[in-house]
Amino acid sequence: MLKNGLERGLVRPYDAADLEKFRETYYGGLPASIILLSDGLCNGFCYDRSTLLAMAFLDEENVQMVYADIDNFRLNPEYADNPQLWDHCFLERKLQNGTSVIYDPAYRLVFEKSYYWKLERPKVRLINRRDKISDFSETMDRIKDQIPETDKYSSLLILPLLEKTFDDPNETYASKGIKMLQREIALFKEKIGYDELWDQNRRGLKIEPVHEKRFIIESMNSTNKRD
């Protein structure tokens, strides 16, 4: 059914307009345009990544975070006996033409809402609308609209690890002929002067004001902490 939706244009990858939004939202030293394209950084983190999606589109009126049980987990033999694991979170966004679409960070795809409901049959338990998201956005101190200077150094640890995942079969945005993830990493490296940061590190300059050991711990936490 997913393949059919892609063929019919009812499901699509993130597009150029999405990526422009994502590039202006940062989490743990990386832009959302890298995080949301990476299977390794999205799989298992639906609450955090839906929040990241919401923050990228928060300047729009019609966005909301939806919490629901979905078939992808209900019908999975690995989770079937544990209803607590069926819960999922995704973003609903109404476009200017009136169409409602679903951004699902687990799939890393965008669905027409009616088609997503046929595919996943969500049983909604909670909806956080834009005003609610805006209220608690002030407590999300790791999500920024600009990258803090000290956070740039986390890329020296995280980006080489990401680059080793490009050949993984689940990394569709990095696959041959697509390479969207590689492009976003290259754009980010250019923006932050990655090569210069790397040279500074190689020359043994201190990473200030973050102590090296704490820098590594915080960088790993920012990408590996689960919901």
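What you see is a predicted model, and the numbers here were worked out from it, not measured in a lab.

**A short note on the sheet that holds strand β4 (residues 63-69)**
Stage number 1. Spatial strand order, β1-β7-β6-β5-β4-β8: six strands in an open sheet with antiparallel pairing. The open sheet is flanked by β1 (11-12) and β8 (123-129), the only strands paired with a single partner.
Stage number 2. By the bridge criterion, four bridges tie strand β5 (residues 87-94) to strand β6 (residues 100-104) in an arrangement that is antiparallel. If you follow K94 over to β6, its bridge partner there is S100.

**Quick look at the sheet that holds strand β9 (residues 143-144)**
Stage number 1. Here we have three strands laid out as an open sheet, ordered β3-β2-β9, and antiparallel in their pairing. Two strands bound the open sheet, and with one partner strand each, they are β3 (30-31) and β9.
Stage number 2. Relative to β9, strand β2 (residues 26-27) is paired through two bridges, and the arrangement is antiparallel. Along β9, the bridge assignment pairs Y26 with K144.

**A look at unusual backbone geometry**
Stage number 1. The backbone of R108 sits at a positive phi, close to 60°, despite the residue not being glycine.
Stage number 2. With respect to the secondary-structure elements, R108 resides in the loop between β6 and β7 (109-112).
Stage number 3. Judged by relative accessible area, which is 4%, R108 ranks as buried.
Stage number 4. One non-glycine residue, K179, lies in the positive phi region at around 50°.
Stage number 5. Examined against the element boundaries, K179 turns out to sit in the loop between α9 (155-163) and α10 (180-192).

**Thoughts on the pairing of β5**
Stage number 1. Burial within β5 is extensive, with seven of its eight residues counted as buried.
Stage number 2. By the bridge criterion, seven bridges tie β4 to β5 in an arrangement that is antiparallel. Each residue of the ladder has a partner; that of V66, found in β5, is F90.
Stage number 3. Where β5 folds back onto β6 in an antiparallel hairpin, the turn is made up of five residues, including G98, whose phi is positive at roughly 90°.

**Some words on the packing of α9 against α10**
To describe two helices that pack against each other, one gives the angle between their axes and the distance between the axes.
Stage number 1. Where α9 meets α10, the closest approach of the two axes is 12 Å, and the angle between their N-to-C directions is 160°. As judged from the angle between their axes, α9 and α10 are roughly antiparallel. Judged by the sense of rotation from one axis to the other, the crossing of α9 with α10 is left-handed. Residues S155, L159, L162 and E163 of α9 touch α10, and the partners they reach there are I185, F188, K189 and I192.
Stage number 2. A breakdown of the residues in the contact of α9 with α10 according to their chemical character gives five nonpolar, one polar and two charged.

**A look at the environment of A54**
Stage number 1. Summarising the element assignment, A54 is placed in helix α5 (residues 46-56).
Stage number 2. With 39 residues separating them in the primary sequence, A54 and R93 have C-alpha atoms 8.9 Å apart.
Stage number 3. Ignoring sequence-local partners within four residues, the contact set of A54 consists of M65, L91 and I133.

**Here's the deal with the nonpolar core**
Soluble globular proteins tend to pack their nonpolar side chains together in the buried interior.
Stage number 1. Core analysis: the largest hydrophobic core is formed by 61 residues, its most contacted members being Y14, F22, L30 and Y103.
Stage number 2. The residues touching Y103, leaving out its near neighbours within four places in the chain, are R12, Y14, D18, F22, L53, F57, F90, L91, R93, L109 and V110.

**Here we look at the packing of aromatic side chains**
Stage number 1. One pass over the structure, following the stated rule, counts 13 aromatic pairs.
Stage number 2. The interplanar angle of 5° and the centroid separation of 5.8 Å between the aromatic rings of Y14 and Y173 together place this pair among those described as stacked. Within this pair, whereas Y14 is found in the loop between β1 and α2 (16-22), its partner Y173 is found in the loop between α9 and α10, the two being separated by 159 residues in sequence.
Stage number 3. On the basis of an interplanar angle of 40° and a centroid distance of 6.4 Å, the ring pair of Y26 and F188 is categorised as tilted. Note that Y26 is positioned in strand β2 and F188 in helix α10, a separation of 162 residues in sequence.
Stage number 4. Looking at Y26, the relative accessible area reads 2%, which means it is buried.
Stage number 5. With a relative accessible area of 3%, F188 lands in the buried category.
Stage number 6. Ring pairs connect the aromatic residues Y14, F22, F57, Y103 and Y173, which therefore count as one cluster.

Calculation criteria
- Residues numbered from 1 in each chain as written.
- Predicted model: local features only at pLDDT ≥ 70, side-chain atom pairs only at ≥ 80, totals over all residues.
- Heavy atoms only, no water.
- Pairing = 2+ DSSP bridges.
- Helix = DSSP H or I, 4+ residues; strand = E, 2+ residues; numbered from the N terminus.
- Buried < 20%, exposed > 50% of the residue type's maximum accessible area, 1.4 Å probe, protein only.
- Axes fitted to C-alpha atoms, helices over the stretch in contact; angles between N-to-C directions.
- Parallel < 35°, antiparallel > 145°, perpendicular 65-115°, else oblique.
- Left-handed = near helix turned anticlockwise from the far one by under 90°.
- Contact = heavy atoms within 4.5 Å.
- Nonpolar A, V, L, I, M, F, W, Y, C, P; charged D, E, K, R; others polar.
- Core = buried A, V, L, I, M, F, W, Y, C linked by side-chain atoms within 4.5 Å.
- Phe/Tyr/Trp six-rings, centres within 6.5 Å; stacked < 30°, edge-to-face > 60°.

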